[in-house]
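Fold and geometry: a report
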Amino acid sequence: MASRRVPATEAQQVGEKREHLYKILVIGELGTGKTSIIKRYVHQFFSQHYRATIGVDFALKVLNWDTNTIIRLQLWDIAGQERFGNMTRVYYKEAVGAFIVFDVTRAATFDAVVKWKQDLDAKVQLPDGSPIPCILLANKCDQQKEGIVNNTTKMDEYCKERGFTAWYETSAKENINIEDAARCLVTKILQNDKLIHNNDAAKDAEKFALDGKAQKEQKNGKSCAC
Ligand code: GTP
Ligand code: MG
């Protein structure tokens, strides 16, 4: 997604800062804690009260990543019930990272993770065609866990096989691991961004080199129309 250099006047004030805006999806079954994770991360707030998200909600988290970099995360909180709708293609557009959330107290929400991942990979890719980085969140880890999530080795294998960047046990209630998971995703996104920009720069350099050669050849009368 958009990366922009701060305009000269603004840059002078903030000292040559670079800004990135990244669209991040938060998806997973109903009631797994997507909205709660975002509320905790952005507003340092938690409520036991459950109000199902309808369609999609948004939140913005601004990170002072390092002295030269500001990162704006546009978090798309997609309702669990949307897996059965046909809007996800629209919601996923131009996302550069995702969290898939399941509820450690309900194994059925873990079983659905694979369907969310397939939906994601089928509908959004990075500009080079590779899947967008995705982190699996085993949420509500402040409660009794059910199923495979009790076995770290199996979870590691599962994530490797299914192409997850990483997985974290999280609790929106107790504020466990949410910042770490977000940092991991942003690190991966920045790496991808660099690769893509380096590729673009390499292509540009190649193009300039070819253009230069073509101009020289034209001067030498060797230009061809093919
Ligand atoms: P949809 O919008 O329907 O897709 O649900 P959601 O995934 O956004 O779930 P939401 O954040 O609304 O949370 C559902 C319920 O789980 C609420 O009652 C929350 O208080 C509770 N909850 C969320 N995260 C945690 C957690 O980490 N621990 C505990 N104990 N409860 C949580
Ligand atoms: Mg919600």
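Residues numbered from 1 in each chain as written. Chains lettered and ligands numbered in written order. Predicted model: local features only at pLDDT ≥ 70, side-chain atom pairs only at ≥ 80, totals over all residues. Heavy atoms only, no water.

1. Remarks on the site of ligand 1
Applicable threshold: For this description, a residue counts as near a given molecule or strand if any of its non-hydrogen atoms is within 4 Å of it. Counting of polar contacts relies on pairs of N or O atoms within 3.5 Å, with two restrictions inside protein: one atom must be capable of donating a hydrogen and the other of accepting it, and residues adjacent in sequence are counted only when both atoms are side-chain atoms. Numbered from the N terminus, helices here are DSSP runs of H or I no shorter than four residues, and strands are runs of E no shorter than two. Each residue is assigned to one class: nonpolar for Ala, Val, Leu, Ile, Met, Phe, Trp, Tyr, Cys and Pro, charged for Asp, Glu, Lys and Arg, and polar for all the others, Gly among them.
Taken together, 24 residues are adjacent to ligand 1, and Lys34, Ser36, Ser47, Gln48 and Tyr50 come closest. At 3.4 Å, a side-chain N or O of Ser171 approaches an oxygen atom of ligand 1. Element by element, the count of residues in the shell around ligand 1 is highest for helix α2 (residues 34-43), at three residues. Grouping the constituent residues of the shell around ligand 1 by class yields six nonpolar, 13 polar and five charged.

2. Remarks on the coordination of the magnesium ion (ligand 2)
Inclusion rule: Note: metal donors comprise N, O and S atoms at 2.8 Å or less from the metal (3.2 Å for Na, K and Ca); water molecules are not included, so apparent gaps in a site are possible. Think of it in three bands: with a 1.4 Å probe and only protein chains considered, a residue is buried below 20% of the maximum accessible area for its type, exposed above 50%, and partly exposed in between.
Within the protein, the magnesium ion (ligand 2) binds to Thr35 (OG1) and Thr53 (OG1); these donor distances fall in the range 2.0 Å. With a gap of 18 residues between them, Thr35 in helix α2 and Thr53 in the loop between α2 and β3 (56-66) connect regions that are remote in the sequence. Take Thr53: its relative accessible area is 12%, and that puts it in the buried class.

3. Points about the pattern of salt bridges
Condition: Just to be clear on terms, a salt bridge is a Lys or Arg side-chain nitrogen sitting within 4 Å of an Asp or Glu carboxyl oxygen.
Per the counting criterion, the structure on display carries eight salt bridges. Three or more residues are tied together by salt bridges with common partners; here these are Asp103, Arg106 and Lys140.

4. Some remarks on helix α5 (residues 113-123)
Each full turn of the α-helix corresponds to 3.6 residues, which orients residues three or four apart in the same direction. Under the convention used in this document: The arc under discussion is defined with respect to the helix axis, by the directions toward the C-beta atoms. The contact definition used throughout considers only heavy atoms, calling two residues in contact when any of these lie within 4.5 Å.
Every buried residue belonging to α5 is among Val113, Trp116, Lys117, Asp119 and Leu120, and all of these are buried. One side of α5 carries all its buried residues, which in axial view fall inside an arc of 160 degrees. More than 90 degrees from the buried face of α5, the exposed residues found are Gln118 and Ala122. Next to the buried residues of α5 lie β2 (18-28), α3 (88-92), β5 (97-103), α4 (107-111), β6 (134-139) and α6 (152-162).

5. Description of the nonpolar core
This is how it is decided: Nonpolar cores were defined as sets of buried Ala, Val, Leu, Ile, Met, Phe, Trp, Tyr and Cys residues, with membership established by side-chain atoms within 4.5 Å.
The biggest cluster of nonpolar side chains holds 29 residues, and the ones touching the most others in it are Leu25, Tyr92, Phe102, Leu120 and Leu136. Mapped onto this core, the elements with two or more residues apiece are β2, β4 (69-78), α3, β5, α5, β6 and α6. With residues up to four places along the chain from it excluded, the contact list for Tyr92 reads Lys23, Leu25, Ile27, Ile78, Trp116, Asp119, Leu120, Lys123 and Val124.

6. Some words on the pairing of β4
Which entries qualify depends on this criterion: By this definition, two strands are paired if DSSP reports at least two bridges between them.
Burial of β4 is extensive: eight of the 10 residues sit out of reach of the surface. In terms of strand pairing, β2 meets β4 through nine bridges, oriented parallel. Across the sheet, the residue bridging to His20 is Ile71, located in β4. Sheet analysis places β3 next to β4, joined by 10 bridges and oriented antiparallel. Residue pairing across strands places Asp57 opposite Asp77, the latter belonging to β4. In this antiparallel pair of consecutive strands, β3 and β4, the connection spans two residues.

7. Remarks on the packing of aromatic side chains
Condition: Put simply, two rings from Phe, Tyr or Trp (the six-membered ring, in Trp's case) pair if the centres are within 6.5 Å, and we call them stacked under 30 degrees between planes, edge-to-face over 60, tilted for the rest.
A complete count under the given rule lists four aromatic pairs for this structure. With 4.8 Å between their ring centres and 45 degrees between their planes, Phe110 and Tyr158 make a pair best called tilted. With Phe110 in helix α4 and Tyr158 in helix α6, this pair connects stretches of sequence that are 48 residues apart. Since its relative accessible area comes to 10%, Phe110 is described here as buried.

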